[in-house]
Amino acid sequence: IATYKTSTSGSVSYSVDGTTLYITGGGFIADYEAGKAPWTEEAAEVTTLIIGDGVSAIGDYAFYGLEKLKTVTILGNIAAVGDYAFEGTAFVNETESWEKDLLYIGGTLIKARKNEDGIYNMDVNTARVSTGAFDGTDVKVIYYGGNKAGYLAIQNIEALSDVQAVYEGDNV
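It should be emphasised that the depicted structure is a prediction, and the values quoted were computed from it without experimental measurement.

**Remarks on the overall build of the chain**
Moving on, step 1. A count of helical and extended segments in the chain gives 1 helix and 15 strands.
Moving on, step 2. The burial tally for the chain puts 42% of its 172 residues in the buried class.
Moving on, step 3. Sequence separation of 24 or more characterises 36% of the internal contacts of the chain that already satisfy a separation of 6 or more.
Moving on, step 4. With an accessible surface of roughly 8900 Å², the chain has 46% of that area assigned to carbon and sulfur atoms.

Shown next, in the form of structure tokens:
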């Protein structure tokens, strides 16, 4: 028998139904400290996360440490994903979630996987790079053909020796 619990945090609500965590409402999921999101304890067995259409952003550490979280479905558009929001989840280890050694949610690059040459090709729609996205990599070059906001997001990556950016059209 599945249990169903509901609570509210800020402008969004959450509920846990069996192994699925639902986040609904309008606005953004707040920033939290690691492991301190209001759903953390009751979502320990969650394998699936469904974020509703009205949710616009995911805060820092929102799903941090939900070790069994494997599948993330976003029904709307997420403008930003906070730092370490999915750190410590099975989702980060799911091969089909990755694109060329990079893991995105919406326009946010949340994680990079170490590769042999330290060269990464960021998606042109990247608007933000989460803190720690390149932790554990030997990043040397990032090719980026998107807008200036995304390019500026990669300027502060520690240990970055060279950024090659090719701007498209009027996006400068």
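**What to know about the nonpolar core**
Moving on, step 1. Leu21, Ile23, Ile29, Trp39, Ile58, Phe63 and Phe86 are the most contacted members of the largest nonpolar core, which totals 30 residues.
Moving on, step 2. With 3 residues, strand E2 (residues 12–17) is the single largest residue contributor to this core.

**Observations concerning the sheet that holds strand E8 (residues 80–81)**
Moving on, step 1. One open sheet holds the 3 strands; their spatial order is E4-E6-E8, and the pairing between them is parallel. The open sheet has two edge strands, strand E4 (27–28) and E8, and neither has a second partner.
Moving on, step 2. Inspection of the sheet shows strand E6 (residues 55–58) paired to E8 by 2 bridges, in the parallel sense. Along E8, the bridge assignment pairs alanine 57 with alanine 80.

What counts and what doesn't
- Residues numbered from 1 in each chain as written.
- Predicted model: local features only at pLDDT ≥ 70, side-chain atom pairs only at ≥ 80, totals over all residues.
- Heavy atoms only, no water.
- Helix = DSSP H or I, 4+ residues; strand = E, 2+ residues; numbered from the N terminus.
- Buried < 20%, exposed > 50% of the residue type's maximum accessible area, 1.4 Å probe, protein only.
- Contact = heavy atoms within 4.5 Å.
- Areas by Shrake-Rupley, 256 points an atom, 1.4 Å probe, with all protein chains shown as cover.
- Core = buried A, V, L, I, M, F, W, Y, C linked by side-chain atoms within 4.5 Å.
- Pairing = 2+ DSSP bridges.

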